[in-house]
Amino acid sequence: MERACRLPTSEVTGLSRDGDITLGGIFPLHDDVEFQQTSFTVKPSPVTCQSFRTQNYQALQAMIFAVEDINRNPNFLPNVTLGFQIYDSCRMRQRSLEGTLWMLAGKKQPPPNFRCQQNRPLMGIIGDAGSSSSIVMAWVLGLYRCPQLLHYVKNVHFKNDGGHEVSFNQFGEVPAQYDIINFQQNADGTLKHVRVGRYDSSALQGQTLIINTSSILWASGVTQVRITRRQQLLFMNGI
């Protein structure tokens, strides 16, 4: 019987724990690598990771602690156990990709386009820390519709093409930002959208809601809100 066709890959191993749902994590536990001399006549030896990073190891331990804490509390995920797969990227794009394929396949020698643990779905992968490694991972994870979580995204702060600032608050949430639009009728009967104000929850106190009342055009072409006699009486009586 002929052997099955597969890519000649080296075994990829990391830290793992079984569960009904698996969460992946790729962390650069080392900052440097040592490459062996390549002769191009034999298979090269794996790289050796060096310069252990304590801070990144703490992030790994925090992930394990969170998974164990969720599993201990029956109110979080009733009748469901979280598992994890964690891999050291050594701050190398090659190893980040190896770890990603290992988690997607669920085997030490990952066959492409095949998930060997159908009953243990991979819900997402945290990492990697570097932008270049994260982009490589995103290319692969996007093919399989697998979510990628980046805790460094909370430090993102930039302006998009529309000139609006994009950032995250201390809770990891996007501040609410809304334009207040007034529909106004042109002379030919068509409608146009006029920006008359803005709401920004991240603005300074007193500037959260800004409305330019002079730009508002109400029904029938009036520029002021019509108040009926009854509304005036209710306002005067504090109702």
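See above for the structure.
If you're wondering where the values come from, they're calculated on a predicted model, not measured in any experiment.

*Asks:* Residue-level account of the overall build of the protein chain, with values.
*Replies:* Counting its secondary structure elements, the protein chain contains four helices and twelve strands. Split into buried and exposed, the 239 residues of the protein chain put 25% on the buried side. Looking at the protein chain alone, contacts between residues at least 24 apart form 50% of all its contacts between residues at least 6 apart. When the accessible surface of the protein chain is totalled, it reaches about 17100 Å², and 55% of it is carbon and sulfur.

*Asks:* Before we move on, could you go through the environment of Val47 and cite the residues and values that matter?
*Replies:* The residue Val47 is located in the loop between strand S3 (30-34) and strand S4 (48-52) in this model. Considered as a pair, Val47 and Val33 are 14 residues apart in the sequence and their alpha carbons are 6.3 Å apart. When neighbours within four sequence positions are excluded, Val47 is seen to be in contact with Val33, Glu34, Phe35, Met92 and Arg95.

*Asks:* So what's going on with the packing of aromatic side chains? Which residues, and what values?
*Replies:* Going through the model one piece at a time under the given rule, you end up with three aromatic pairs. Both rings, one in Phe52 and one in Tyr57, keep their centres 5.5 Å apart while their planes meet at 55°; by these two values the pair is tilted. Judged by its relative accessible area of 45%, Phe52 falls in the partly exposed class.

*Asks:* Could you give an account of the sheet that holds strand S12 (residues 209-211), with specific residues and numbers?
*Replies:* Neighbouring strands of a sheet are bound in pairs by backbone hydrogen bonds; such pairs are parallel or else antiparallel. An order of S10-S11-S12 is seen for the three strands of this open sheet, with the pairing classed as antiparallel. Edge positions in the sheet fall to strand S10 (177-185) and S12, since each has one partner strand and no second. Neighbour to neighbour, the strand axes of the sheet diverge by 30° on average, direction disregarded. By the bridge criterion, three bridges tie strand S11 (residues 191-200) to S12 in an arrangement that is antiparallel. Residue pairing in the sheet places Gly197 in a bridge with Ile211 of S12.

*Asks:* Talk me through the state of the cysteines; I want residue IDs and the actual numbers.
*Replies:* Using the criterion set out here, one finds one disulfide in the structure. The disulfide partner of Cys49 is Cys90, and the gap between their sulfur atoms is 1.7 Å. Because the torsion about its S-S bond is 95°, the bridge between Cys49 and Cys90 counts as right-handed. Here Cys49, found in strand S4, pairs with Cys90, found in the loop between strand S5 (82-88) and helix H2 (93-105); they are 41 residues apart in sequence, far enough to count as distant. For Cys90, a relative accessible area of 1% corresponds to the buried category.

*Asks:* Describe the side chain of Asn56, and please don't skip the residues or the numbers.
*Replies:* Along the chain, the position of Asn56 falls in helix H1 (residues 54-72). By relative accessible area, Asn56 is classed as buried at 7%. Among the polar contacts listed, one links the side chain of Asn56 to the backbone oxygen of Pro28, at a separation of 2.7 Å.

*Asks:* Tell me about the pattern of salt bridges, and please be specific about residues and values.
*Replies:* All told, the structure shown has six salt bridges when counted by the stated rule. Notably, a salt bridge pairs Asp69 with Arg72, separated by 3.6 Å at the nearest N-O pair. One end of the pair, Asp69, and the other, Arg72, are both in helix H1, three residues apart, so they sit about a helical turn from each other. Note that Arg195 and Asp179 form a salt bridge whose closest N and O atoms lie 3.5 Å from each other. Of this pair, Arg195 sits in strand S11 while Asp179 sits in strand S10, and the two are 16 residues apart along the sequence.

Conventions adopted
- Residues numbered from 1 in each chain as written.
- Predicted model: local features only at pLDDT ≥ 70, side-chain atom pairs only at ≥ 80, totals over all residues.
- Heavy atoms only, no water.
- Helix = DSSP H or I, 4+ residues; strand = E, 2+ residues; numbered from the N terminus.
- Buried < 20%, exposed > 50% of the residue type's maximum accessible area, 1.4 Å probe, protein only.
- Contact = heavy atoms within 4.5 Å.
- Areas by Shrake-Rupley, 256 points an atom, 1.4 Å probe, with all protein chains shown as cover.
- Phe/Tyr/Trp six-rings, centres within 6.5 Å; stacked < 30°, edge-to-face > 60°.
- Pairing = 2+ DSSP bridges.
- Axes fitted to C-alpha atoms, helices over the stretch in contact; angles between N-to-C directions.
- Disulfide = S-S within 2.5 Å.
- Polar contact = N/O pair within 3.5 Å; in protein donor to acceptor, adjacent residues only side chain to side chain.
- Salt bridge = Lys/Arg side-chain N within 4 Å of Asp/Glu carboxyl O.

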